[in-house]
Amino acid sequence: MERAIKGLVDGRYAWTIFTSVNAVRAVWKVRRARPWTPATSAVVKIACIGEATADAVRSFGIQPS
């Protein structure tokens, strides 16, 4: 998980797809140790499966693509 989060922050991935609210919470829990800036959000596009998952992403200040 740490390596995947580092890849997100470093811009190694173009997309992140969240499939559940639990996945969003798990990623954000680990992500706290790494900075997530507006620049990161501009590089990595976020997709969500379902409105509840999208709402969970929005609750952390990120707008899904």
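Small disclaimer: the values here were computed from a predicted structure and weren't measured.

Reading the values: rules and limits
Starting afresh in each chain, residues are numbered from 1 along the sequence in its written order. For this predicted model, a pLDDT threshold of at least 70 governs which residues receive local features, and a threshold of 80 or more governs which side-chain atom pairs are given and counted, while totals over whole chains, interfaces and linings are taken from all residues. Side-chain measures were taken over the full set of non-hydrogen atoms in the model, leaving aside hydrogen atoms and water. By nonpolar core is meant a set of buried Ala, Val, Leu, Ile, Met, Phe, Trp, Tyr and Cys residues that side-chain atoms within 4.5 Å join together. Burial here depends on accessible area, computed with a 1.4 Å probe over protein chains only, as a share of the maximum for the residue type. Under 20% is buried, over 50% is exposed, and the range in between is partly exposed. Note on conventions: DSSP H or I runs of at least 4 residues are helices, E runs of at least 2 residues are strands, and numbering of each starts at the N terminus. Residues are treated as being in contact if the distance between any of their heavy atoms lies within 4.5 Å. By definition, the arc is the one covered by directions from the helix axis to the C-beta atoms. Aromatic rings from Phe, Tyr and Trp, with only the six-membered ring used for Trp, were paired whenever their centres fell within 6.5 Å, and each pair was classed as stacked if the ring planes differed by under 30 degrees, edge-to-face if by over 60, and tilted otherwise. By convention in these notes, a salt bridge is any Lys or Arg side-chain nitrogen within 4 Å of a carboxyl oxygen on Asp or Glu.

Visitor: I would appreciate a short explanation of the nonpolar core in the present structure.
Guide: For soluble globular proteins, nonpolar side chains are generally found buried alongside one another. Counting residues in each nonpolar core, the largest one holds 11 residues, listed as Ile5, Leu8, Phe18, Val24, Val27, Trp28, Val44, Ile46, Ala56, Val57 and Ile62. Secondary structure elements with two or more residues in this core: α1 (2-10), α2 (21-31) and α4 (51-58). In terms of residues, this core owes the most to one element, α2, which gives 3 residues. In this view, Phe18 contacts Ala23, Val24, Val27, Trp28, Ile46, Ala47, Cys48, Ile49, Thr53 and Val57; residues no more than four positions away in its chain are not counted.

Visitor: So what exactly am I meant to see when it comes to the environment of Val44 here?
Guide: Here Val44 is to be found in the loop between α3 (38-43) and β2 (45-48). Take Val44: its relative accessible area is 1%, and that puts it in the buried class. For the pair Val44 and Val9, spaced 35 residues apart in sequence, the C-alpha to C-alpha distance is 8.5 Å.

Visitor: Please explain α1 as it appears in this structure.
Guide: Because an α-helix packs 3.6 residues into every turn, residues spaced three or four apart end up facing the same way. Along α1, the residues classified as buried are Ile5, Gly7 and Leu8. Projected down its long axis, α1 shows its buried positions confined to an angular sector of 155 degrees, all on one face. The positive-phi residue at the C-terminal boundary of α1 is Gly11, with phi of around 80 degrees.

Visitor: Would you mind going over the packing of aromatic side chains with me for this structure?
Guide: According to the stated counting rule, one finds 2 aromatic pairs in the structure shown. Residues Phe18 and Trp28 carry aromatic rings whose centres are separated by 5.7 Å and whose planes lie at 45 degrees to one another, so their mutual orientation is tilted. Taken as a pair, Phe18 in strand β1 (residues 15-18) and Trp28 in helix α2 lie far apart in primary sequence, 10 residues in all. The exposure class assigned to Trp28 is buried, which follows from its relative accessible area of 2%.

Visitor: Looking at this structure, how should I read the pattern of salt bridges?
Guide: Two side chains with opposite charge may pair up if their charged atoms get near one another. Per the stated rule, a full pass over the model turns up 2 salt bridges. Beyond isolated ion pairs, a larger network of salt bridges with shared partners links Glu51, Asp55 and Arg58.

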